[in-house]
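Report on the structure
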Number of protein chains: 2
Amino acid sequence: MRILVLGGDGYLGWPTAMRFSDRGHEVTVVDNFARRRWHLEQSTDSLTPITSLEDRIEVWHTVSGNLIEARIGCIEDAEFLDQVIAETLPETVIHYGEQPSAPYSMRSRKAAVETQQTNVIGTLNLLFSMRDRVPDAHLIKLGTMGEYGTPNIDIEEGFIEIEHNGRTDTLPFPKLPASLYHASKVHDSTNIHFATRVWGLRATDLNQGVVYGVETNESGLDPRLTTRFDYDETFGTVLNRFCVQAVVGHPLTVYGAGGQTRGYLNIKDTLRCVELAAENPAERGQYRVFNQFTEQFSVSELAELVKQCGEEAGHHVSIETFPNPRVELEHHYYNASNQKLLDLGLEPHPLGVELVQSVFGIVAENRDRIIQRAITPKTKWNPGELEGGALSVAQRT
Amino acid sequence: MRILVLGGDGYLGWPTAMRFSDRGHEVTVVDNFARRRWHLEQSTDSLTPITSLEDRIEVWHTVSGNLIEARIGCIEDAEFLDQVIAETLPETVIHYGEQPSAPYSMRSRKAAVETQQTNVIGTLNLLFSMRDRVPDAHLIKLGTMGEYGTPNIDIEEGFIEIEHNGRTDTLPFPKLPASLYHASKVHDSTNIHFATRVWGLRATDLNQGVVYGVETNESGLDPRLTTRFDYDETFGTVLNRFCVQAVVGHPLTVYGAGGQTRGYLNIKDTLRCVELAAENPAERGQYRVFNQFTEQFSVSELAELVKQCGEEAGHHVSIETFPNPRVELEHHYYNASNQKLLDLGLEPHPLGVELVQSVFGIVAENRDRIIQRAITPKTKWNPGELEGGALSVAQRT
């Protein structure tokens, strides 16, 4: 299969590229190194040392014998993207090429606009190029569970049957995005759904939970193939950050009451989910949504797990309630369906002591690279006078 | 009240500015003349001759004694917009400042990107400036009934109570936008809802139906105060276009089966609705949605009405089924609520023979300005090979 990976230099993009390349597919990656640039701008970096994309590709070739092609450019640049699509004629497009951080999007007007512009216009350009160049190709788009927010009903996979005044329809599941980044993903979903309805494209939207871990089968082949490990307040995800905190003796920073519950999954399961989506493409005109996570945890549960594992490993670990920089419900109902990927054959790697210990190992190995200043959250969802009050006033309506 | 009208040179913006100015409010209009430029680019124009914004403002001053202030610039230019907000400190912002045409948004990738960029980024800039400069001000945003599409259940006003697996929540009404323009309005709604939830802004989203007519109490005071009357395939709305066709002897162009049903309202009712929203502002943290239309009609019903009135006025009128350039259901259930504005006191001007005849009068008066070439639709929703088939394959899921 000819596969195009947008954002192929990223945390998930690079391991995805190797996975498909290993399986004998013809892989091209597109990246503009935005993630590396954003880190430069805030004087932070991946905990794991990552080599340049060209080096990675060379090492991968040496190790596996397989070639990965790279095209450097922005997908907001329609001419660039259209040329890539026209020349590579992908059968599957895996789209990670977006600004992926909620705190980044809430940092300033400029960062919010950059986020929505990069994500919405990039995806819109992609939809037009697919329509005009490869209308039969399958778009696999990385969405996020954060599009749904925390409604008081079970979260279904993209659509919900609604009975209302004696009539029934199956309609897009209502969205309550948790940040302007999450809002940009809602916009993408709306545009992609439209493109399937009106142009007959085929698309799978993977509403992913929070990913943890770094090791994949392919990255284990050579240390220079490792993917990035972000732990800073902007690009780091919570479990990775807690593990860094445990090792360096920083209290685990639980935001607010800690009852915030979300879906989580191992990076290995992410790769398998994307693979399952690619192997079982959507039909022409079909917009499928899979909720891509394997387990639900509250922030407090994760903190307790890391504390327990940390203490077993000889670290002194404390948990500290940190004033919540986000505006979000800290106690809420949360029950999301994730049946569709299981039905396709996903066999989850559940989160356990072993995974946490392996992350501790990575942290210990790179301990001298840790930038402590980057750990504490600085970006507030509501920097103004209304602090803390807005959500309780009116969650909706 | 200090009122800022974004898009204050437009079809609805200019009459709105006069209305509030007439009532003694301090009105500033912002415009970048995008509508005039788009007409220039496609060699079309308003049927009614419209004077420059500066002339309109001068005439209005002479006629009414009231001053309207103008600021020329783009709201996508954050610095410009922020300065306007900081200097005028509006208590109410009425936001018409968007690319308003569905066919325009479907014309090309470039036009689609322009539409979503103008609309989404402009509104995002506005939300940040309101948060930082006038957090207590009331945003009145013009949305569209086209955000909902044509679901098989009754359309409620912005939110719907959903009972699901024994639990209940009131959530945003699911959206099925009818074009990439309508999608941009869905994106706006998501962003505005977020800003009310997280920053405590107050906002009213007016999901407006199709507006017809040109005369308002204020524009009647001097012919140089008239608003624009668009009848071309891009910016014209269906009733206005049918009236032009009836007068010039062009068959009324019904797209497809003609069963497409939508909400409609008189321009006079638009002004009254906006006024009612301004007089009864949303609460802090509240995101209100009003469905702003007074009657529902199918396209065939409108064509029959115009045919009947036209023949009474001595025109020979035929109705022609035109291959539908849009991808939309041509027979569907449609029942939308519009109770909230009625509850606030709206007294609708129903559509009737009299209104159609008054539009005929305007057309006759400006008959020599009609550009026939502009009437026939050229923009197809799905220009590719899939023509016509996509929607029936998969309306959703």
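What you see is a predicted model, and the numbers here were worked out from it, not measured in a lab.

**Here's the deal with the packing of aromatic side chains**
Within the structure shown, the criterion is met by 18 aromatic pairs over all chains. Ring geometry for W38(B) and F235(B): centres 6.0 Å apart, planes at 15 degrees, overall stacked. One end of the pair, W38(B), is in helix α2 (residues 34–41); the other, F235(B), is in the loop between β9 (210–212) and α8 (238–248), with 197 residues separating them in the sequence. Each member of the pair, W38(B) together with F235(B), is buried. An aromatic cluster of at least three residues, connected via ring pairs, comprises W38(A), Y104(A) and F235(A). Over the ring of W199(A) we find R131(A); its NZ or CZ atom is 4.7 Å from the centre of that ring. Taking NZ or CZ as reference, R167(B) lies 3.5 Å from the ring centre of Y333(A), over its face.

**As for the side chain of R288(A)**
Residue and element names in this part refer to chain A. On the secondary structure map, R288 appears in strand β12 (residues 287–292). Here R288 occupies a buried position and makes no salt bridge, while the nearest side chain of opposite charge, E283, is found at 7.2 Å. In this structure the side chain of R288 is engaged in a polar contact, spanning 2.7 Å, whose partner is the backbone oxygen of N280. In this structure R288 touches H138, A203, T204, D205, A277, N280, P281 and A282, once residues within four positions along its chain are discounted.

**Examining the packing of helix α4 (residues 78–88) of chain A against helix α6 (residues 109–133) of chain A**
All names here are of chain A. Between α4 and α6, whose axes approach to 9 Å, the crossing angle comes to 40 degrees. Considering how the two elements wind past one another, α4 and α6 form a crossing that is right-handed. Residues A78, L81, D82, I85 and A86 of α4 pack against G122, N125, L126, S129 and R133 of α6. For the contact of α4 with α6, the class distribution of residues is five nonpolar, three polar and two charged.

**Quick look at helix α7 (residues 180–199) of chain A**
All names here are of chain A. In this model, α7 (20 residues) spans 28 Å end to end at C-alpha, consistent with the 28 Å of a helix rising 1.5 Å per residue. With respect to burial, α7 is a largely interior element, 20 of its 20 residues being buried. Sitting at the head of α7, S179 places a side-chain oxygen 3.2 Å from the backbone nitrogen of Y181. In the segment just after α7, G200 is the residue with positive phi, at about 75 degrees.

**Here's the deal with the relation of the copies chain B and chain A**
Once chain B has been moved 0.0 Å along the axis and rotated by 180 degrees, it coincides with chain A to within an RMSD of 0.0 Å. Put plainly, the chains are arranged around a two-fold axis. With an isologous cut-off of 70% or more, the 100% of interface residues of chain B that recur at the interface of chain A puts this contact in the isologous class.

Definitions and limits used
Residues numbered from 1 in each chain as written. Chains lettered and ligands numbered in written order. Predicted model: local features only at pLDDT ≥ 70, side-chain atom pairs only at ≥ 80, totals over all residues. Heavy atoms only, no water. Phe/Tyr/Trp six-rings, centres within 6.5 Å; stacked < 30°, edge-to-face > 60°. Helix = DSSP H or I, 4+ residues; strand = E, 2+ residues; numbered from the N terminus. Buried < 20%, exposed > 50% of the residue type's maximum accessible area, 1.4 Å probe, protein only. Lys NZ or Arg CZ within 6 Å of the ring centre and 35° of its normal. Lys, Arg positive; Asp, Glu negative; His and termini not counted. Salt bridge = Lys/Arg side-chain N within 4 Å of Asp/Glu carboxyl O. Polar contact = N/O pair within 3.5 Å; in protein donor to acceptor, adjacent residues only side chain to side chain. Contact = heavy atoms within 4.5 Å. Axes fitted to C-alpha atoms, helices over the stretch in contact; angles between N-to-C directions. Left-handed = near helix turned anticlockwise from the far one by under 90°. Nonpolar A, V, L, I, M, F, W, Y, C, P; charged D, E, K, R; others polar. Expected span 1.5 Å × (residues − 1). Least-squares fit on C-alpha atoms with pLDDT ≥ 70 in both.

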